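Survey of secondary and tertiary structure
Here is how the chains run, residue by residue.
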Amino acid sequence: MADIAQVIGTEEPAAGPGGRPREAAGPGGRPREAAGPGGRPQEPGDEIAGVADDLARASLALARRFSAGATMWCASPNWPFHAHHVAVEFVHPVIMGKRALPAVTVPPAADMVASLRASVVPGDIVLVLADADDPRVVDTMRRGAAWGVETVWIGAGPRRPEPGSANHVIWLGTDAPLEASELFVRIYHLLWELTHVCFEHPGLMKPEPACTDEVCITCSDEGRPAEVVSVEGDEALVRTPDGHERIDVSLIDLPAPGDLVLIHAGFAITAS
Amino acid sequence: MPETTDFLYPFIEGDETDSATLLEDLARSAEGKWRQSSRLRLATLDRSAAHLHATAAAMAGRFGAGGRLFTFGNGGSATDAEAVAHLYTQPPWGRALPARSLAEDQAVMTALGNDVGFDLVFSRQLIAHGRPHDIAMGFSTSGNSDNLMMAFAEARKQGMLTIGLAGYDGGRMAAEGTPVEQCLVVRSDSVHRIQESQAALNHALWAAVQEALA
């Protein structure tokens, strides 16, 4: 899916006079001519092919999380206006009668990781609009599993986030910043619209099958992600989606507060 | 709902369990709305081309004379105002220009909202900051927001250039006797689609201002 968007978007940045991208230089802001795969002219709106399924899956996940009481934390370190727009969209719907949903903007000046670490609870949503290599966002998203939050990463450009770095990656291939900014507005408008469509399917809003102590492969047979809160000798207090736990860290290099570890049977088995 | 008609509403009892159909419907719905937005964007830019260039020329004149851009709006439109101020001050190319969103300072917004009323939150700031060469740019989807109309009236009184972006039929911002000199209207009745095409107009207008100043 996303590969289609990438193919369309991997055209070399087209520079006009004075190094300006062609994107914004045309009269009336007309979009640049772009050829799709096979040299076929690109139809207006073809970018959707690369993101429609991802949007659908993310919307269902959001609706399920909201139904279970989630708060959505929105952040966009470089484009705070996008984060504000997402939050106001969900809190104060443009369509009368639609549910107001708890969505919050992470203050742009805040330390993103510290602010979210203090605020999120398991089951919440963290939605970020950012480039794939933004270190603040990379560092936030990698903690999602330990915090027990659903992560959504929206962005654009030929480079996507590393596989597995968020639960949902909604990515546009374009490397033209203004085009991307316009399409981001569409993406979060649709995310809101589709999330509300999902609420009309109450049977699908039930939580996904929860793990049971006896059989859950995530809890029993594999390492569970955790974030170190404090360390005393060979023991550490860690945060997991199930709460705080004391674990033994003697099997790994001494971790520091904020480090991520995998834990199994009361031991940290690897630093991650 | 009589039980005999339940077969018409298979999921009415909330026992729907397979999400595949819903996901397929969501993806198709997203695609339809996305393409609708793309068509509206192109139609809006086409229809507004001459108007955009006249507006850009007027703005370039103001910037050239030392004017500054003040942007404002409510809700999602406040974030559009913020995005425009960001674009002018921190452009991807071209010349950085002085611009500020009037909704961004929460101390000022709450002080004015609490003390003098929300209708005046933007106009009172223009009284404090405005100069004749400045530009007032307001965003609304309805074209009817009271606090925008008050701000445009104050801006005109000071000799500022007034620019409005609206939706639907333009509302009061485009009506006879409006204080808005240049009103760019996205002809749609969907708030979301209007804002999406307004974003395109903002970018096209900014690019035309840069061209005019080059």
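From a predicted model like this one, the values you see are computed outputs, not experimental measurements. (Residues numbered from 1 in each chain as written. Chains lettered and ligands numbered in written order. Predicted model: local features only at pLDDT ≥ 70, side-chain atom pairs only at ≥ 80, totals over all residues. Heavy atoms only, no water.)

Here we come to the overall build of chain B. Along chain B, the regular secondary structure elements total 7 helices and 5 strands. For chain B, the N- to C-terminal ordering of α and β elements is α-β-α-β-α-α-β-α-β-α-β-α. Every one of the 214 residues in chain B was classed for burial, and the buried ones make up 53%. If you take every contact in chain B between residues at least 6 apart in sequence, the share linking residues at least 24 apart comes to 69%. (Helix = DSSP H or I, 4+ residues; strand = E, 2+ residues; numbered from the N terminus. Buried < 20%, exposed > 50% of the residue type's maximum accessible area, 1.4 Å probe, protein only. Contact = heavy atoms within 4.5 Å.)

On to unusual backbone geometry. Excluding glycine, residues mostly carry a negative phi; peptide bonds, for their part, are mostly trans. Although it is not a glycine, Ala265 of chain A sits at a positive phi angle of roughly 55 degrees. In this structure, Ala265 of chain A sits in the loop between strand E9 (260–264) and strand E10 (267–271). Even without being glycine, Tyr168 of chain B reaches a positive phi, approximately 50 degrees. Considering the arrangement of structural elements, one finds Tyr168 of chain B in the loop between strand E4 (161–166) and helix H6 (171–174).

With that out of the way, let us pick up the sheet that holds strand E2 (residues 103–105) of chain A. All names here are of chain A. Strand order in the open sheet formed by 5 strands is E2-E1-E3-E4-E5, with parallel pairing between adjacent strands. Only two strands of the sheet have a single neighbouring strand rather than two, namely E2 and strand E5 (168–172). Here the average twist between neighbouring strands, direction ignored, is 15 degrees. In this sheet, strand E4 (residues 150–156) lies alongside strand E3 (residues 125–129) in parallel orientation, the contact comprising 5 bridges. From the neighbouring strand, Val126 faces E4, where its bridge partner is Thr151. (Pairing = 2+ DSSP bridges. Axes fitted to C-alpha atoms, helices over the stretch in contact; angles between N-to-C directions.)

Turning our attention to the confidence of the model for chain A. For chain A, the mean per-residue pLDDT works out to 84, and 79% of the residues sit at or above 70. With pLDDT under 50 throughout, residues 1–41 of chain A is counted as low confidence; its partners more than four residues away or in other chains account for 72 contacts. (pLDDT = per-residue confidence, 0-100.)

A word on a nonpolar patch on the surface. Together, Leu251, Phe267 and Ile269 of chain A line one region of the surface with nonpolar side chains, adding up to about 280 Å² of accessible area. Take Leu251 of chain A: it is sitting in the loop between strand E8 (243–248) and E9. (Patch = residues over 30% accessible without salt bridge, like charges linked within 9 Å, V, L, I, M, F, W, Y side chains within 5 Å. Areas by Shrake-Rupley, 256 points an atom, 1.4 Å probe, with all protein chains shown as cover. Salt bridge = Lys/Arg side-chain N within 4 Å of Asp/Glu carboxyl O.)

Each partner contributes residues to the interface: chain A has 53 residues there, and chain B has 48 residues. A buried area of about 4300 Å², summed over both sides, lies between chain A and chain B, and 66% of it is on carbon and sulfur atoms. For the pair chain A and chain B, the number of links is 4 salt bridges. The salt bridge partner of Asp46 of chain A is Arg35 of chain B, with a shortest N-O separation of 3.0 Å. (Buried area = accessible area lost by both parts, 1.4 Å probe.)

Moving on, we come to the packing of helix H1 (residues 20–64) of chain B against helix H7 (residues 191–213) of chain B. Residues and elements named next belong to chain B. The interhelical angle for the contact between H1 and H7, taken along N-to-C directions, is 35 degrees, at an axis separation of 6 Å. Remark: the crossing between H1 and H7 carries right-handed chirality. Among the residues making up the contact of H1 with H7, the classes are represented as 15 nonpolar, 7 polar and 4 charged. (Left-handed = near helix turned anticlockwise from the far one by under 90°. Nonpolar A, V, L, I, M, F, W, Y, C, P; charged D, E, K, R; others polar.)

The next subject is the packing of aromatic side chains. According to the stated counting rule, one finds 7 aromatic pairs over all chains in the structure shown. With centroids separated by 6.3 Å and ring planes inclined at 80 degrees, the aromatic side chains of Trp153 of chain A and Trp171 of chain A adopt a geometry described as edge-to-face. A residue pair is termed long-range when its members are at least 10 positions apart, and Trp153 of chain A in strand E4 and Trp171 of chain A in strand E5 qualify at 18 residues. A residue is classified by how much of its surface remains accessible, and Trp153 of chain A, at 1% relative accessible area, is buried. Grouped by ring-pair contacts, the aromatic residues Phe72, Phe122 and Phe152 of chain B constitute a single cluster. (Phe/Tyr/Trp six-rings, centres within 6.5 Å; stacked < 30°, edge-to-face > 60°.)

Moving on, we come to the sheet that holds E4 of chain B. Residue and element names in this part refer to chain B. The 5 strands lie next to each other as E2-E1-E3-E4-E5, forming an open sheet whose pairing is parallel. Of all the strands in the sheet, just strand E2 (99–101) and strand E5 (182–185) have a single pairing partner and so form its edges. Each strand axis lies, on average, 15 degrees off the axis of its neighbour in the sheet, ignoring direction. By the bridge criterion, 4 bridges tie E4 to E5 in an arrangement that is parallel. By the bridge assignment for E5, Ala166 is matched with Val185. Its contacts with the sheet put helix H2 (residues 76–89) on strand E1 (69–73), E2 and strand E3 (135–139), and the angle it makes with E1 is roughly 160 degrees.

On to the pairing of E10 of chain A, then. Residues and elements named next belong to chain A. As paired strands, E9 and E10 are joined by 4 bridges and run antiparallel to one another. In the sheet register, Ile263 faces E10, and the bridge partner there is Ala268. Where E9 hands over to E10, the hairpin turn is made up of 2 residues, of which Ala265 adopts a positive phi near 55 degrees.

In contact at an axis separation of 10 Å, helix H7 (residues 177–198) of chain A and H7 of chain B are set at 170 degrees when each is read in the N-to-C sense. If you check the angle between H7 of chain A and H7 of chain B, you find them roughly antiparallel. Here Leu178, Ser181, Glu182, Val185, Arg186, His189, Leu190, Trp192 and Glu193 of chain A of H7 of chain A lie close against H7 of chain B, whose contacting residues are His192, Arg193, Gln195, Glu196, Ala199, Ala200, His203 and Trp206 of chain B. Taken together, the residues of the contact of H7 of chain A with H7 of chain B break down into 7 nonpolar, 5 polar and 5 charged. (Parallel < 35°, antiparallel > 145°, perpendicular 65-115°, else oblique.)

Once that is clear, we can look at the pairing of E9 of chain A. As judged from the 4 bridges shared by strand E6 (residues 224–232) of chain A and E9 of chain A, these two strands associate in the antiparallel manner. Within the sheet, the bridge partner assigned to Arg224 of chain A lies in E9 of chain A and is Ile263 of chain A.

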